[in-house]
Amino acid sequence: TPEATMAIPVTFSEYPVGAALGPVRLDITAEMAERFAAAVGSDGSWYAGLSPFGGRIAPYTAVEQVMLITLGDTYRVSDAPGGSVQYRLDIAYHRPPLVDTSVEIRGHTLEKTERPGRYQSSFAFEVVDAAHGALLFDGSVAQAHLLGGGGGSRPKGEARKPETRQEEPGEPYEALEPMNFTLTLEMMR
């Protein structure tokens, strides 16, 4: 498992653009592949045995989650009391991670933007086979750092009330950008 890292608190004005993130090394184990496959309800034989990729594979999501936590939480925007949320993930898959190998997860911050009620930042990432350097997947993540107090202002134990917004005819709805998802998988020959 990757080493636990502490988030570096920064104000949004201090958030570094172009800063390196990682690297983090992650060992891909049979148990990890089995747990993630079971969690998503997959009985795919490629997780349990041979695949066209030269061995047993692990679900991409097993590595994605570690990437989002380790790289995405490198910096904590201290002047955004509402917390941070991921709102876009652009990803290209090149080949799956194999069980009993290690991957290296690394990236860098891309940009930051100030918007009404939130700050936005993004980072690029890549995941490579640690032994051979082969690119497994890469992409970018966008995050919103919320300036509001989030849900922390309601009394403890009180359920969150659903929020609704009545739009006026012709009024554009301002929302976070939609999630984009790209999947490209190249078979090894």
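Residues numbered from 1 in each chain as written. Predicted model: local features only at pLDDT ≥ 70, side-chain atom pairs only at ≥ 80, totals over all residues. Heavy atoms only, no water.

Time to look at the sheet that holds strand β5 (residues 101-115). Within a sheet, each strand pairs with its neighbour through backbone hydrogen bonds, oriented either parallel or antiparallel. Strands sit in the order β2-β5-β6-β7-β4 across an open sheet of five strands; the sheet is antiparallel. Two strands close off the open sheet at either side, each with one partner strand: β2 (20-28) and β4 (84-93). Here the strands of the sheet are splayed against their neighbours by 20° on average, with no regard to which way each runs. Direction of pairing for β5 relative to strand β6 (residues 118-129): antiparallel, over a ladder of 12 bridges. Among the inter-strand pairings, E104 is bridged to a residue of β6, identified as V128. (Pairing = 2+ DSSP bridges. Helix = DSSP H or I, 4+ residues; strand = E, 2+ residues; numbered from the N terminus. Axes fitted to C-alpha atoms, helices over the stretch in contact; angles between N-to-C directions.)

Moving on: the pairing of β6. By the criterion of burial, β6 is predominantly enclosed, with 11 of the 12 residues buried. Taking the residues between adjacent antiparallel strands as the criterion, β5 and β6 are bridged by two residues, where G117 takes a positive phi near 80°. The pairing of β6 with strand β7 (residues 135-146) spans 11 bridges and is antiparallel. Opposite Q120, over in β7, you have A144 as the bridge partner. Taken together, β6 and the strand that follows it, β7, pair antiparallel across an intervening segment of five residues, in which G133 is found at a positive phi of about 80°. (Buried < 20%, exposed > 50% of the residue type's maximum accessible area, 1.4 Å probe, protein only.)

This paragraph deals with the packing of aromatic side chains. Tallying each qualifying case throughout the model produces eight aromatic pairs. Ring centres of Y60 and F137 lie 5.4 Å apart, and the angle between their planes is 80°; this geometry places the pair in the edge-to-face category. Taken together, the positions of Y60 in helix α3 (residues 60-72) and F137 in strand β7 put the pair 77 residues apart, joining distant regions of the chain. Note on accessibility: Y60 and F137 belong to one class, buried. (Phe/Tyr/Trp six-rings, centres within 6.5 Å; stacked < 30°, edge-to-face > 60°.)

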